[in-house]
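Given next are the chains, with one letter for each unit.
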Amino acid sequence: MAFPHRLDAPELPDFSMLKRLARDQLIYLLEQLPGKKDLFIEADLMSPLDRIANVSILKQHEVDKLYKVENKPVLSSNEQLCFLVRPRIKNMRYIASLVNADKVAGRTRKYKVIFSPQKFYACEMVLEEEGIYGDVSCDEWAFSLLPLDVDLLSMELPEFFRDYFLEGDQRWINTVAQALHLLSTLYGPFPNCYGIGRCAKMAYELWRKLEEEEDGETKGRRPEIGHIFLLDRDVDFVTALCSQVVYEGLVDDTFRIKCGSVDFGPEVTSSDKSLKVLLNAEDKVFHEIRNEHFSNVFGFLSQKARNLQAQYDRRRGMDIKQMKNFVSQELKGLKQEHRLLSLHIGACESIMKKKTKQDFQELIKTEHALLEGFNIRESTSYIEEHIDRQVSPIESLRLMCLLSITENGLIPKDYRSLKTQYLQSYGPEHLLTFSNLRRAGLLTEQGPGDTLTAVESKVSKLVTDKAAGKITDAFSSLAKRSNFRAISKKLNLIPRVDGEYDLKVPRDMAYVFSGAYVPLSCRIIEQVLERRSWQGLDEVVRLLNCGDFAFTDMTKEDKASSESLRLILVVFLGGCTFSEISALRFLGREKGYRFIFLTTAVTNSARLMEAMSEVKA
Amino acid sequence: MDCYTANWNPLGDSAFYRKYELYSMDWDLKEELRDCLVAAAPYGGPIALLRNPWRKEKAASVRPVLDIYSASGMPLASLLWKSGPVVSLGWSAEEELLCVQEDGAVLVYGLHGDFRRHFSMGNEVLQNRVLDARVFHTEFGSGVAILTGAHRFTLSANVGDLKLRRMPEVPGLQSAPSCWTVLCQDRVAHILLAVGPDLYLLDHAACSAVTLPGLAPGVSSFLQMAVSFTYRHLALFTDTGYIWMGTASLKEKLCEFNCNIRAAPKQMVWCSRPRSKERAVVVAWERRLMVVGDASESIQYKQLTIQVLLDRLVLRRLYPLAIQICEYLRLPEVQGVSRILAHWACYKVQQKDVSDEDVARAINQKLGDTPGVSYSDIAARAYGCGRTELAIKLLEYEPRSGEQVPLLLKMKRSKLALSKAIESGDTDLVFTVLLHLKNELNRGDFFMTLRNQPMALSLYRQFCKHQELETLKDLYNQDDNHQELGSFHIRASYAAEERIEGRVAALQTAADAFYKAKNEFAAKATEDQMRLLRLQRRLEDELGGQFLDLSLHDTVTTLILGGHNKRAEQLARDFRIPDKRLWWLKLTALADLEDWEELEKFSKSKKSPIGYLPFVEICIKQHNKYEAKKYASRVGPEQKVKALLLVGDVAQAADVAIEHRNEAELSLVLSHCTGATDGATADKIQRARAQAQKK
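Computed from a predicted structure; not experimentally measured.

Points about the overall build of chain A
- Of the regular secondary structure elements, chain A holds 26 helices and 14 strands.
- Compactness check: chain A gives a C-alpha radius of gyration of 26 Å against a globular reference of 25 Å for 617 residues, within 12% of the reference.
- Principal-axis analysis of the C-alpha atoms places the extent of chain A at approximately 80 × 70 × 60 Å.
- Here chain A holds 617 residues, and 58% of them are scored as buried.
- In chain A, 79% of the contacts between residues at least 6 apart in sequence involve partners at least 24 apart.
- Summed over all atoms, the accessible surface of chain A reaches about 25900 Å², with 51% contributed by carbon and sulfur.
- Counting 85 positive and 88 negative side-chain charges, chain A places the centres of these two groups 2 Å from one another.

Focus on the pairing of strand β19 (residues 222-227) of chain B
- Pairing of β19 of chain B with strand β20 (residues 233-238) of chain B, which is carried by five bridges, proceeds in the antiparallel orientation. For Val227 of chain B, the partnering residue across the bridge sits in β20 of chain B and is Leu234 of chain B.

Digging into the domain arrangement of chain A
Residue and element names in this part refer to chain A.
- Split by domain assignment, chain A resolves into domain 1 (15-142), domain 2 (147-236 + 520-612), domain 3 (247-356), domain 4 (359-407 + 409-450) and domain 5 (451-481).
- Domain 1 and domain 3 are separated by 39 Å when their C-alpha centres are compared.
- Of the roughly 350 Å² buried between domain 1 and domain 3 on both sides combined, carbon and sulfur atoms contribute 50%.
- Where domain 1 meets domain 3, there are one residue pair in polar contact (both at pLDDT 80 or more).
- Each residue belonging to the side of domain 1 that touches domain 3 can be placed in one class, and the counts come to one nonpolar, one polar and two charged.

Points about the packing of helix α2 (residues 306-315) of chain B against helix α4 (residues 337-348) of chain B
Residues and elements named next belong to chain B.
- Look at α2 against α4: their axes get within 10 Å of each other, and the N-to-C directions meet at 30 degrees. As the angle between them shows, α2 and α4 are arranged roughly parallel. As for the relative orientation of α2 and α4, their crossing is right-handed in sense. Residues Gln307, Leu310, Asp311 and Val314 of α2 touch α4, and the partners they reach there are Arg339, Ile340 and His343.
- For the contact of α2 with α4, the residue count by class is three nonpolar, two polar and two charged.

Cut-offs used in this document
Residues numbered from 1 in each chain as written. Chains lettered and ligands numbered in written order. Predicted model: local features only at pLDDT ≥ 70, side-chain atom pairs only at ≥ 80, totals over all residues. Heavy atoms only, no water. Helix = DSSP H or I, 4+ residues; strand = E, 2+ residues; numbered from the N terminus. Rg over C-alpha atoms; globule rule 2.2 N^0.38 Å. Buried < 20%, exposed > 50% of the residue type's maximum accessible area, 1.4 Å probe, protein only. Contact = heavy atoms within 4.5 Å. Areas by Shrake-Rupley, 256 points an atom, 1.4 Å probe, with all protein chains shown as cover. Lys, Arg positive; Asp, Glu negative; His and termini not counted. Charge placed at Lys NZ, Arg CZ, Asp CG, Glu CD. Pairing = 2+ DSSP bridges. Domains from an automatic or database assignment. Buried area = accessible area lost by both parts, 1.4 Å probe. Polar contact = N/O pair within 3.5 Å; in protein donor to acceptor, adjacent residues only side chain to side chain. Nonpolar A, V, L, I, M, F, W, Y, C, P; charged D, E, K, R; others polar. Axes fitted to C-alpha atoms, helices over the stretch in contact; angles between N-to-C directions. Parallel < 35°, antiparallel > 145°, perpendicular 65-115°, else oblique. Left-handed = near helix turned anticlockwise from the far one by under 90°.

As structure tokens, then:
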């Protein structure tokens, strides 16, 4: 189990440096406001902050009390207030209301706003409009890369997805470019760059500009990471919309992993308390099962439990000296393993309770049917029933989107009726949700005569026009034809199975979806890495509507060691799922690569759908 | 060669000095120096001479000439003074000549006699005229201090960033002080002045009397004072012929010297060589020069750095020499050659007789894409000289589009600035330009501009969504974007409006917009919602309870749960709820109520459109196996096995599966066979399987 890496697999760079950098910078910023101060932290920043600097470090630098930024009256009596926030207008208004309330009360305090990861001009504008620009001092905490694991860096910017792919807001692209620049200054230049997607291209070009401006800094450095691959989430929505069945993905879908840790409730811990558990390579039990198909996990864990018992049992027949040795050296490790083991067994049971039911099997069956493109009518009725029964608003949306993308849009009749049913179940505000989904290309209607190749070429022309920014809303859904079926055929995403797919000994990346489907994103990466270019993939690129946004850039640097050339940084713009991570880890083991993941945030189908949903406040 | 010490002369007991000529002045002076205002720039900079005709009783009819020479007397510029009477001249640290006029106006010239700008020292100075003025240097730049006819001081510590300070009054000051100087301490400029036997120190806030430590008694007046270049030392000459030398902080005396001359000296200055421990004051009378020194503490002069040296060369337009020095010193391009070339280009754009095209081409030819050259800086200079077109041409050579933006904005080419900002990918820059545009253009034009720039538009929309909702609406209106307008009003119907009438009205506006957008689906859905809202309000009035804002489905469910079956039916008909949904809904609601009787009645009302398996499932979910069994028998053949298994009838399930000869069903049943109780059933299945395989 838990496939070991090949012996020649390259070592991963040490990313803990990023944490130290972030911590030092934060401390520096806190010290800029000498003396005791209360710190107001935006909710979304709390978990990432905790991974960088815990409460005692904050206290050491004279942070007195910690508050969450929320719409509640502030009780702080401190003379100095420091705000640690994302650059959002709503935060500015919060700070303004607080400062203005102080002004009315005739109170003077010192205020400092620390924006993370950067300050936006619009925020300063709002501070000015609210009349407090002169009262606060502003700073930036350029903390944009949180190492969640040895091979996973997260920007912890879940809003990237909605901001860019729905609102067309490009502000965060600069943040991505800065993060890449930081990586290249710390870990040397990347000799080979590939990318696909409009955002990927923009981020890449901005990053290049940054490197040129600071010419010479990375020059002459030996590259540690041989390849970088940038990929837009909208290149592959399908994979992100599928139910996850590898353990880590399933834990994320079921319990929601937040910033690398998960809250296991009483049903898992089999006590009356919830427990926050850090999930990463340091958890030896988790490390062995995280990438496994769920069907193997339980068996593995019980085997593990038996082994553990056997180790405990060795105590019998030990003499005093051996026993002393055992207690001092092994027992602690065994106990730790025991604790982790029972947690993961608890989690498994809880997942099984939820997922092994009939419903889940049916759901997976429907998903596979959609991916493979058969029984479309049946799947459509399944989805309709799902909506009618109010099973789950988010799940229903997800299935509708999956149907739309795999089928190149819904036929007009279904488009209307599914939406009608959904509105009846969940309320009229979702009219806006549907408008969002349409704009993002997630849920669209088939246009008449779309199948003609002539139209297809017209479509790709429209996409080019879009690059020039001239496309109108009316065409956008047309332009975002997913062409999934054709792409799937070209890239062989649905493996032909003779007999049972052995999930214990997977033969390809499809194992992360029970052998039914190779994640498109991962397949693209595999193909490009194999060719070291997009050559021969023209048709796929065209079908992905990425004609102008697939790029390769190789520097003729022969400084790269063969080891570094087997290290690949994959950048997901708009989020990646644990299934994709598992699939690429598998690919890495097969080919002797190591993948490093950089994502704007770890995501899953529910998060994507929630980002698109309109909620009544 | 024979005697090195031949030309050294003794100075005091332990020191010697010698005099030799470094170079001779090239100038050919027509005036006597004594009749001129003279200013020599520090660090061997240029010398300015202005014959001072205003000091004479009768003003001469001829205009005076302002001559500028290099330190070695090479003429650099000569111009006729056409302005008002000048009181004082001084060079700034940037080698700009500051000419302080009697009316408080300060005219600024470059070292080639080119007029740069002028500024005024304020109304008070204008009214009371300038009696005396000093140009002084601080670490921030160069300042000007003025003594007015009303015996008040006004100063600006940095003429580059003009902030005028009027110093406090000196109590009882009736006439001009006998001497004064500017002191700089702790980054603040003070004025030290002498009135009779008293010394006063003026700062921004107060005037305080000060004394000199260790000053010999008997002084009734100070005739001259001098502060050293670094503001660390001070020397005063008293009417008793006594020179006091000490620190400028007035805390310490360094030495004193009685020269026995009681006449006021013409000039007194500090002098000493860089790094020399010997500090000395040179005092000059009409025909006598005296050097007074002490040797105790080292002084470090700030040396000219190589950068400043290059700047000086550039200022003298000695570009080739500067470049040679850079190359000789192997300075990095960015600090060296590129910078010199950029300066040359800035000079070039001032040549008004050359056409825009030629200047731009010449500059580009010479500079190419040398690293470190900022075309936007050069363009800014061109714009400063009034050559907007040239500036735009030069900007085109600027590779970093972001750098072009500030100047374009300044030149009011905001639309061009917008596209350049977008090109740069810097959204903050785009936003800055947007706000410029918003103030500069009328609303209509502003929106039109946005329309062609989707990236800027979405940025602005995002801002409006949070900060200016009304503008957002206007934006959509302007674009005839009825779809978005519809969405806008939908959101308003539940986010902004509270009263039901307001909400319905918002929805009506939304529906109208959707019709205009030819989105009939959304329009109809919105109209349905208006109906539902009104109905929910009525339900609340008539039945009590909470109905508003429930979805249609939940409204019907709530009615059933409340026992209002008739109303529920009516609602379902009115809103054309499909049968399937209604059956699911009723099934769930009745099971929740555990109203098994009603459920059974319902199940028999007509043939179920969702089959009967859901009935079985929901009864099991409510732990009512008895009821579940009732429905299991009615489940269609396809789902029969599942139903039987649900109610726990494994044996019958096996029979059905065997009858169906369905392998999947067989294994399903088998998986439900547990140990002892179902042993027989399991065997039965195995036998059936074996038989099936034989065939």
